[in-house]
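# Structural overview for review
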Amino acid sequence: MTHSPAPWYRAAIGANLLNAAGQLGGTIFEEITTLATAHRAVNLGQGFPDTEGPAEIRKIAVQAIEQGANQYAPGSGIAPLREAIATHQHRFYGYALDPATEVVVTTGATEAIAASILAFVEPGDEVVTFEPYYDSYGAMISLAGGIHRTVSLRYPSFTPDLDELRAAVSDRTRLIVLNNPHNPTGAVFDREVLELLVELAHRHDCVIVSDEVYEHLTFGVGHIPIATLPGGFERTVTISSAGKSFSFTGWKVGWATGPANLIEAVRTVKQFLSYSSGPAFQPAVAQALALPDTFYTQFANQLGQRCEELAAGLQAAGLHVLRPRGTYFLVADVAELGFSDAQDLARRLPQEVGVAAIPLSVFVHEENRGPYRSLLRFAFCKREDVIAEAVHRLQRLPQLVTHS
């Protein structure tokens, strides 16, 4: 009897976790982090900050634990947090939400992504994403039995070809998964791209899942939620979280917002994943969302300065660097130094240079990796002294060329 691949195996395929022999391997993040630890390298591979979020917000979580917020939270999230999320969307983007029916709190954005894809995708449905793509999308699309279609974001602009986008979305498309600002490239998509996505969603009767976790981390450009565009809200599940905006990645407090009929579907699936989590963190996040505008602007400005420091250091080492318009990440091309395989270089960097980075090709389907093979992604969400040390070590890069 012939069996189709088990769900876990499909997820592994979708997340590019299988080696050339079809065997399950660890993630590139695990591999590079292990190398970074072994060689005491500066780890610019994984996108987590090395500073704590605001002290006054942390104190709220501690107080909540001490006051007994240690049992299940409501499955949709505590009312004060849902209300704070609705207020946040109106404050920054000008649209109103009903916190009772149009907001659901999740265990990080990752659960919101999983619940959204599982809620709407049936086996054989097509799901369109940009490529490179965050690995969670590929895993969940495959787990749901969907067919993953991609539209390339090409270096150095990382902007999609609109004709290719039109060709990728069809009546077979059930979901369009948007990540804006975009991980791993650092792109922030212009209104023209977003308007086309809304148009295509209406034309082909599909849903948009918009992952906007980096919404407050843009540099020199404003974030445009696709739900704010004409016709956008009614077809969009918008996802965000406290992790990136407030440097609380371990709290795993995320949310999904949108029209009641879509959020009802997401909530129905979500309740059978985690049901609920973070009862002490939720009131703290509710207060964090009410922080003044200066908090958001200062955080983005500080992050932008770290980005520029790292970019300048990489350029001084001989790499071509694309300045990102958002996120925690920048992309550098190592081809100008004579390296054609960034994945091989990423494995050498921790020991030979003392810095860790992630090859961009791991976020791309195997058959499409050619144009990305010489690109490395660096995370700059680190302290100033850490970035300075990484820049100092990266000046050893040209020496690798002469010894290769």
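Calculation notes
Residues numbered from 1 in each chain as written. Predicted model: local features only at pLDDT ≥ 70, side-chain atom pairs only at ≥ 80, totals over all residues. Heavy atoms only, no water. Helix = DSSP H or I, 4+ residues; strand = E, 2+ residues; numbered from the N terminus. Rg over C-alpha atoms; globule rule 2.2 N^0.38 Å. Buried < 20%, exposed > 50% of the residue type's maximum accessible area, 1.4 Å probe, protein only. Contact = heavy atoms within 4.5 Å. Pairing = 2+ DSSP bridges. Axes fitted to C-alpha atoms, helices over the stretch in contact; angles between N-to-C directions. Expected span 1.5 Å × (residues − 1). Salt bridge = Lys/Arg side-chain N within 4 Å of Asp/Glu carboxyl O.

Here we take up the overall build of the protein. Helix and strand content of the protein: 15 helices and 13 strands. For the protein, whose C-alpha radius of gyration is 21 Å, the value lies close to the compact-globule estimate of 22 Å for 404 residues. The principal-axis extents of the C-alpha atoms in the protein amount to approximately 60 × 55 × 45 Å. In the protein, which comprises 404 residues, the proportion classed as buried is 56%. Residue pairs at least 24 apart in sequence account for 74% of intrachain contacts in the protein once pairs closer than 6 positions are excluded.

Turning our eyes to something else, we now look at the sheet that holds strand E4 (residues 147-152). Hydrogen bonds between backbone atoms are what pair the strands of a sheet, whose relative direction is either parallel or antiparallel. Strand order in the open sheet formed by 7 strands is E2-E8-E7-E6-E5-E3-E4, with mixed pairing between adjacent strands. Strands with a single pairing partner mark the edges of an open sheet, and in this sheet they are strand E2 (103-107) and E4. Pairs of neighbouring strands in the sheet enclose a mean axial angle of 25°, with direction left out of account. One ladder, built from 6 bridges, connects strand E3 (residues 126-131) with E4; its direction is parallel. Bridged to Val127 within E4 is His148. Each of E3, strand E5 (173-179) and strand E6 (207-211) touches helix H8 (residues 191-203); the most contacted strand, E5, lies at about 165° to it. Helix H10 (residues 260-270) contacts E2, E6, strand E7 (236-241) and strand E8 (253-257) of the sheet and is inclined by roughly 30° relative to E2.

With 24 residues, helix H12 (residues 293-316) ought to run about 34 Å at 1.5 Å a step, and its terminal C-alpha atoms sit 35 Å apart, in line with that. Restricting attention to buried positions, one finds in H12 the residues Phe295, Tyr296, Phe299, Ala300, Leu303, Arg306, Cys307, Leu310, Ala311, Gly313 and Leu314. Gly318, located one to two residues past H12, shows a positive phi value of around 100°.

Applying the stated rule across the entire model yields 17 salt bridges. Of the charged contacts in the structure, one is a salt bridge between Glu31 and Arg347, with a shortest N-O distance of 2.6 Å. Residue Glu31 is located in helix H2 (residues 28-38), and its partner Arg347 is located in helix H13 (residues 342-352); the two are separated by 316 residues in the primary sequence. Arg347 gets classed as partly exposed once you look at its relative accessible area, which sits at 35%.

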